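Here is what each chain is made of, one letter per residue.
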Amino acid sequence: FGFLNSNPAAIAVQESALTVQPRQSISLVGGNDGFKVGNLSVPDGVTVVGGYLSASGGQINITSVASPGEILAGSLNQTSNISGQSFGALGEVRMSKSTIENTGEGGETILIRGGRLVIDNSTIVANTADITLSATSNLITTTQLGTRTATAANAGHVTLEASGDINIDSSL
């Protein structure tokens, strides 16, 4: 996913469900520049409010960028774009009152990465897959995170990474 301008447009999922066929992936890769269309206002960053994202046996990727550069599809790692620019900053990712799940056995990672990551009153669940939440400044969560399995396979890992503070309040 490549971005050439200095402040790419934001993405918002509001009161919507996004599902894909088994073993397919969902990626929300947007900028940090909010905008308004008519009466609809899209806040800065990538925002999921009242959303449901499901990829049975697939991967779910969510990230926000705040500068030119390129994000690699499978890992959300940063790399140089066609103009040789690398990201100087990641944008904000916010999730509220939402569910993100990978319900199929042998699924791939749920990966959410941003400069600032705020997850509130939400559920993130993966079957036999990893969950990684990564922020370059801080990570704030009041949510339920979990991996599970119905077989003898490993359930998966939950990883929280931040260069700044990690605040967890009333989480399971």
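Right, let's walk through the structure included here. (Residues numbered from 1 in each chain as written. Predicted model: local features only at pLDDT ≥ 70, side-chain atom pairs only at ≥ 80, totals over all residues. Heavy atoms only, no water.)

**Describing the overall build of the protein chain**
When you go through the protein chain residue by residue, the secondary structure sums to 0 helices and 17 strands. Here the protein chain holds 172 residues, and the buried ones make up 42% of them. Here the protein chain has roughly 8100 Å² of accessible surface; of this, 47% comes from carbon and sulfur atoms. (Helix = DSSP H or I, 4+ residues; strand = E, 2+ residues; numbered from the N terminus. Buried < 20%, exposed > 50% of the residue type's maximum accessible area, 1.4 Å probe, protein only. Areas by Shrake-Rupley, 256 points an atom, 1.4 Å probe, with all protein chains shown as cover.)

**Points about the pairing of strand β7 (residues 46-49)**
For strand β2 (residues 11-14) and β7, the ladder comprises 4 bridges, and the chain directions are parallel. Bridge pairing links Gln 14 to Val 49 in β7. Here 4 bridges tie β7 to strand β12 (residues 92-96), and the two strands are oriented parallel to one another. For Val 48, the partnering residue across the bridge sits in β12 and is Met 95. (Pairing = 2+ DSSP bridges.)

**Considering the pattern of salt bridges**
Taken as a whole and assessed by the stated rule, the structure comprises 2 salt bridges. Between Glu 92 and Arg 94 there is a salt bridge; the shortest N-O distance is 2.3 Å. Residue Glu 92 is classed as buried on the basis of its relative accessible area of 14%. Residues Glu 92 and Arg 116 are paired through a salt bridge, measuring 3.6 Å at the closest nitrogen-oxygen approach. (Salt bridge = Lys/Arg side-chain N within 4 Å of Asp/Glu carboxyl O.)

**Notes on the side chain of Ser 54**
Within the secondary structure, Ser 54 sits in strand β8 (residues 52-55). A relative accessible area of 8% places Ser 54 in the buried class. Every residue in contact with Ser 54, bar those within four places of it in the chain, is listed here: Leu 18, Thr 19, Val 20, Ile 26, Ile 60 and Glu 101. (Contact = heavy atoms within 4.5 Å.)

**A look at unusual backbone geometry**
Phi angles above zero are rare outside glycine, and Glu 15 is one such case at about 55°. Mapped onto the fold, Glu 15 is located in the loop between β2 and β3 (17-20). Taking relative accessible area as the criterion, Glu 15 reaches 65% and is therefore assigned exposed. For Arg 23, which is not glycine, the phi torsion reads 70° and is therefore positive.

**Some words on the environment of Ala 155**
Relative to the helices and strands, Ala 155 is located in the loop between β15 (131-148) and β16 (158-162). In the structure, Ala 155 is positioned 28 residues away from Asn 127 in sequence and 6.3 Å away in space, judged by C-alpha atoms. If near-sequence neighbours (up to four positions away) are discounted, Ala 155 is found in contact with Ala 126, Asn 127, Thr 128, Ala 129, Thr 147, Arg 148 and Thr 149.

**Describing a nonpolar patch on the surface**
Taken together, the side chains of Phe 35, Val 37 and Leu 40 present a nonpolar region at the surface, about 270 Å² in accessible area. Along the chain, the position of Leu 40 falls in strand β6 (residues 40-42). Judged by its relative accessible area of 44%, Leu 40 is partly exposed. (Patch = residues over 30% accessible without salt bridge, like charges linked within 9 Å, V, L, I, M, F, W, Y side chains within 5 Å.)

**A few points about the nonpolar core**
Counting 24 residues, the largest nonpolar core has Ile 62, Ile 100, Ile 112, Ile 124 and Leu 133 as its most contacted members. Of all the elements in the fold, those that place two or more residues in this core are β4 (26-30), β7, β8, β9 (60-64), β12, β14 (110-127) and β15. (Core = buried A, V, L, I, M, F, W, Y, C linked by side-chain atoms within 4.5 Å.)

**Topic: the environment of Gly 114**
Along the chain, the position of Gly 114 falls in strand β14. Here the alpha-carbon distance between Gly 114 and Ser 64, two residues 50 residues apart in the chain, equals 5.5 Å.

**Digging into the environment of Gly 57**
Tracing the chain through its elements places Gly 57 in the loop between β8 and β9. Along the primary structure Gly 57 and Val 20 are separated by 37 residues, whereas in three dimensions their C-alpha atoms are 9.9 Å apart.

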